[in-house]
Amino acid sequence: MPRSLDRVGSGRFAARAESTLDRDILSQEAFHRAIALERRRTERSRKPFLLMLLDMGHQLPSEAIERNLRKLLAALSASTRETDVAGWYESDRIVGVMFTEIGLDDSGTIVTVMIARLREILRSNLNLEQVSVSFHLFPEDCDHGTRKGPSDPVLYPDLAKRGGAKGAAGALKRAMDVVGSAAALILASPLFLAIAVAIKATSRGPVFFRQRRIGQHGKPFVFLKFRSMFVGSDAGIHKEYVKKLIAGNAERHPSNGHGQGVFKLTKDIRITKVGAFLRRTSLDELPQFINVLKGEMSLVGPRPPIPYEVEAYDLWHHRRLLEVKPGITGLWQVNGRSRVKFDDMVRLDLQYARSWTPWMDIKIMLRTPAAMFIGDGAH
C-alpha cells in the first residue's frame, strides 16, 4: 500500500504515534478506503487478507490508550511487512492492521498460524484484559444454510458509511416501497383472483410457488411467485444451466422470434400453459409485492438469487448482495433482461447501487410495464 495515502489521522494520538515509530497510521477515512481497495484487489488476485482490530475502549484514560498504542506499534513493527497496512478503524479507539496477500495454498492453515502468532505478540506486549482483539478474513467462507449472511460488516465500513449518508433517502425508498406495494396489492387483487383460478383449473398444486432466495447481506427469505411449473419439477436442469451462465459458458436460446436469443431456458417442458403466459408477461412476479411490503425486497433492485446460484458466484459477483436490497424490477429488467450475459447483469446491478436516487427508481418503474408486456427476454 503506498505511503502517500492520507498519512496519520486527525485523532488525539495519531501525530505522537507517528513520531514514535517509522510507520504510517492511516486516518479513519483513509483506512476505510484502504479496506475497500484491498477487497477489490483480492477479488482480482484471489489472495485473501486478514484484518486485525484492537478495541482499546472508550472507558480507558487517554494515557492508557496512548501507552497501548505505542506498545502495539512497537510489537507490530517487528512482525509485519511493508505491504501490511495499519490505521484507525475508529479514531482514538480501534486500531486496525491489514495483513495483505496471504498465500493461496492452505490459506486456512496460514491464517490460523498468523492469528496464534499475533495473539502471542499481543499477550506479551499488551494488557489483553483492557484490549478487545478480533480477526476478520476476506473473502469470507459463506454458508447460506446456517448463517444470516455472507458478509462480516466489519469488512465493509465504506458501505456502512454510504448507507448512513443515504439515511433520509433510504427512508424515502422504504416509504415508496410500502406505499407502492400496498397500492399494487389492492389494485391487482382482481387479477390475483383470476390468475389463481386459472392456475388451479389447469394443473394440480398450490397457487403460489415458494422458494428460498438470498437477500441483502446474504440473509435468506421465502420468495413468492405464482406457480408456473408442474408440481414436483426437477430443478437440476435450471441449476446446471445457471452454473454455465455464471461461468460465461451458457448458450443463447431462441426467444419469441428474436434472432439474438436469450441467456435463459426456453421451451421448458416443466412449465404449464398458464405458466408460460404468466412468465412471458411477468405476471408470475406479482406476489413479490408481499415480499416488498414485508421489507425483504424493494420495488427496484437486483434480482434475489437462489442459493445454488450464489455458490457459483465469482468473488466480485457477491457485491450485488451487499450494496442494495433485492427488487422486483431493476436496470437489468429494463435494459436487456435475459438478453445480456450474467457479468453484464451484475455490472448493471452495481451501476444501480452506485448511482441510485429516488428519481432513478421512479424512471425504472415507469419503464417496467412496457418491458413486462412486450415480454422481450422473458420466459
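The structure under discussion appears in the preceding block.
Since the model is a prediction, treat every value here as computed from it, not as a measurement.

1. Brief notes about the overall build of the chain
Now for step 1: Along the backbone of the chain there are 14 helices and 10 strands.
Now for step 2: When contacts within the chain are restricted to residue pairs at least 6 apart in sequence, long-range pairs at least 24 apart make up 72% of them.
Now for step 3: When the accessible surface of the chain is split by element, carbon and sulfur atoms take 57% of a total near 18,500 Å².

2. What about the pairing of strand β1 (residues 49–55)?
Now for step 1: Burial within β1 is extensive, with seven of its seven residues counted as buried.
Now for step 2: Residues Phe49, Leu51, Leu53 and Asp55 line one face of β1 and the alternating positions Leu50, Met52 and Leu54 line the opposite face, and both faces are buried.

3. Comments concerning the sheet that holds strand β2 (residues 85–90)
Sheets are built from strands that pair by backbone hydrogen bonding, the pairs being arranged parallel or antiparallel.
Now for step 1: Taken in spatial order, the four strands line up as β2-β3-β1-β4 in an open sheet, and their pairing is antiparallel. Strands at the two margins of the open sheet, each flanked by one partner only, are β2 and β4 (132–138). The average angle at which neighbouring strand axes cross in this sheet is 25 degrees, direction not considered.
Now for step 2: Bridging between β1 and β4 involves seven bridges; their strand directions are antiparallel. Bridge pairing links Leu53 to Ser134 in β4.
Now for step 3: Where helix α2 (residues 28–45) meets the sheet, its contacts fall on β1, β2, β3 (94–99) and β4, and the angle it forms with β2 comes to roughly 120 degrees.

4. Observations concerning helix α9 (residues 273–281)
Residue pairs three or four apart in sequence face the same way in an α-helix, which turns once every 3.6 residues.
Now for step 1: The complete set of buried residues in α9 reads Val274, Gly275, Leu278, Arg279 and Thr281.
Now for step 2: Looking one or two places after α9, you find Ser282, whose phi comes out positive at around 65 degrees.

5. Comments concerning a nonpolar patch on the surface
Now for step 1: A surface patch of nonpolar side chains, about 340 Å² in accessible area, is lined by Trp359, Ile362 and Leu366.
Now for step 2: Along the polypeptide, Trp359 turns up in helix α14 (residues 358–374).
Now for step 3: In this structure Trp359 comes out as exposed when scored by relative accessible area, which is 53%.

6. Considerations on the nonpolar core
Now for step 1: Judged by nonpolar contacts, the single largest core of 44 residues is most densely connected at Phe226 and Tyr352.
Now for step 2: In terms of residue count, the dominant contributor to this core is helix α13 (residues 342–355) (seven residues).
Now for step 3: Those residues in contact with Tyr352 that sit more than four places away from it in its chain are Lys173, Val300, Gly301, Val324, Leu331, Met360, Asp361 and Ile364.

7. Observations regarding the pattern of salt bridges
Now for step 1: Applying the stated criterion across every chain yields a total of 14 salt bridges.
Now for step 2: Its salt-bridge partner being Glu285, residue Arg303 comes within 3.0 Å of it at the nearest N-O pair. Taken together, the residues Arg303 in the loop between β9 (298–300) and α11 (307–311) and Glu285 in the loop between α9 and α10 (288–293) connect sequence positions 18 residues apart. You'll find Arg303 and Glu285 in the same group, each marked buried.
Now for step 3: What emerges from the salt-bridge pattern is a single network uniting Lys225, Asp284, Glu285 and Arg303.

8. Concerning the packing of aromatic side chains
Now for step 1: The tally for this structure, following the rule as stated, stands at five aromatic pairs.
Now for step 2: Note on Phe138 and Tyr156: the rings are 6.3 Å apart at their centroids and 75 degrees apart in plane angle, and the pair reads as edge-to-face. Of this pair, Phe138 sits in strand β4 while Tyr156 sits in the loop between β4 and α5 (157–165); the two residues are 18 residues apart in sequence, bridging distant segments of the chain. A single burial state applies to Phe138 and to Tyr156, both of which are buried.

Calculation criteria
- Residues numbered from 1 in each chain as written.
- Predicted model: local features only at pLDDT ≥ 70, side-chain atom pairs only at ≥ 80, totals over all residues.
- Heavy atoms only, no water.
- Helix = DSSP H or I, 4+ residues; strand = E, 2+ residues; numbered from the N terminus.
- Contact = heavy atoms within 4.5 Å.
- Areas by Shrake-Rupley, 256 points an atom, 1.4 Å probe, with all protein chains shown as cover.
- Buried < 20%, exposed > 50% of the residue type's maximum accessible area, 1.4 Å probe, protein only.
- Pairing = 2+ DSSP bridges.
- Axes fitted to C-alpha atoms, helices over the stretch in contact; angles between N-to-C directions.
- Patch = residues over 30% accessible without salt bridge, like charges linked within 9 Å, V, L, I, M, F, W, Y side chains within 5 Å.
- Salt bridge = Lys/Arg side-chain N within 4 Å of Asp/Glu carboxyl O.
- Core = buried A, V, L, I, M, F, W, Y, C linked by side-chain atoms within 4.5 Å.
- Phe/Tyr/Trp six-rings, centres within 6.5 Å; stacked < 30°, edge-to-face > 60°.

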